[in-house]
Amino acid sequence: MLGVEELYHRYRDDVFRYLCSLCHDPALAEDLLSETFLTAIQKAGGFRGEGGEKTWLFGIARNLWLQALRKRRPTVEYNDLLGLYVEDHVGDALDARQLARRVEELLAALPERERTIVRLRAGGLPYEEIAARCGIRAGSARVIEYRTRQFLKETLRKEGYL
């Protein structure tokens, strides 16, 4: 992995544009950009390199944006969060509601454990807590969540939602 300073110089503009596309507020995007790189410094030892540094930074940025969204709007609908969980770039509110409804339908057809893990993760819980609630290891929770998310995205793409 690159040094933190080099990571910052290489990816700050990309991460900033990504955050602007999520929050549509350059001031908030700037704050989240700083938080993203502070979090990256703190979690650098946990970087596994599976998806690349940029992908890792985007994931941190997205999680921080979702946390900021929850803090600013504590009454965010669960369905809105679920729609955002599956796809970042949902168009208007009607599209978001339709997407969330379809995600709920797809989840209803899955086994209870997968539904529970996805709902807890969409609600912002860390894998360790999800694992404790489900009686599995954190690594298993990650794998189940990842596979379920991939299934949802693939199905939604085939159906024209994404």
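Our subject is the structure listed above.
Remember, it's a predicted structure, so these values are computed and weren't measured experimentally.

Q: Residues and numbers for the nonpolar core, please.
A: Val 15, Leu 19, Leu 32, Phe 37, Leu 57 and Trp 65 are the most contacted members of the largest nonpolar core, which has 23 residues in total. Those elements that place two or more of their residues in this core are helix H1 (4-23), helix H2 (26-43) and helix H3 (53-72). No other element matches H3, which puts 9 residues into this core. Discounting chain neighbours no more than four positions away, the residues touching Leu 57 are Leu 7, Tyr 11, Val 15, Thr 36, Phe 37 and Ala 40. With 9 residues, the next largest nonpolar core counts Leu 125, Ala 138, Ala 141 and Ile 144 among its residues.

Q: Residues and numbers for the packing of H1 against H2, please.
A: Closest axis-to-axis distance for the H1/H2 pair is 9 Å, and the angle between their directions is 140°. For the element pair H1 / H2, the angle class is oblique. Once H1 is placed against H2, the crossing between them reads as right-handed. Within the contact between the two elements, H1 uses Val 4, Leu 7, Tyr 8, Tyr 11, Arg 12, Val 15, Phe 16, Leu 19, Cys 20 and Cys 23 and H2 uses Pro 26, Leu 28, Ala 29, Glu 30, Leu 32, Leu 33, Thr 36, Phe 37 and Ile 41. When the residues that make up the contact of H1 with H2 are grouped by side-chain class, the tally is 16 nonpolar, 1 polar and 2 charged.

The rules behind each value
- The residue count restarts for each chain, going from 1 along the sequence in the order it is written.
- Under the rules for a predicted model, residues below a pLDDT of 70 receive no local features and side-chain atom pairs below 80 are neither given nor counted, while totals for whole chains, interfaces and linings still include all residues.
- Excluding hydrogens and water, the side-chain figures rest on all heavy atoms present in the structure.
- We call a set of buried Ala, Val, Leu, Ile, Met, Phe, Trp, Tyr and Cys residues a nonpolar core when their side-chain atoms join them within 4.5 Å.
- Any residue under 20% of the maximum accessible area for its type is buried, any over 50% is exposed, and the rest in between are partly exposed; the area is computed with a 1.4 Å probe on protein chains only.
- In this text, helices come from DSSP runs of H or I with a minimum length of four residues, and strands from runs of E with a minimum of two, each type numbered from the N-terminal end.
- Any two residues whose heavy atoms approach within 4.5 Å are treated as being in contact.
- Only the stretch in contact is used when a helix axis is fitted, and all axes are lines through C-alpha atoms; the angle between N-to-C directions ranges over 0 to 180 degrees.
- Between 65 and 115 degrees an angle is taken as roughly perpendicular, under 35 as roughly parallel, over 145 as roughly antiparallel, and anywhere else as oblique.
- Each crossing gets its handedness from the near helix: less than a right angle anticlockwise from the far helix is left-handed, clockwise is right-handed.
- In this count, Pro and Cys sit with the nonpolar residues alongside Ala, Val, Leu, Ile, Met, Phe, Trp and Tyr, while Asp, Glu, Lys and Arg are called charged and the others, Gly among them, polar.

Worth remembering: the numbers are spatial, not functional.
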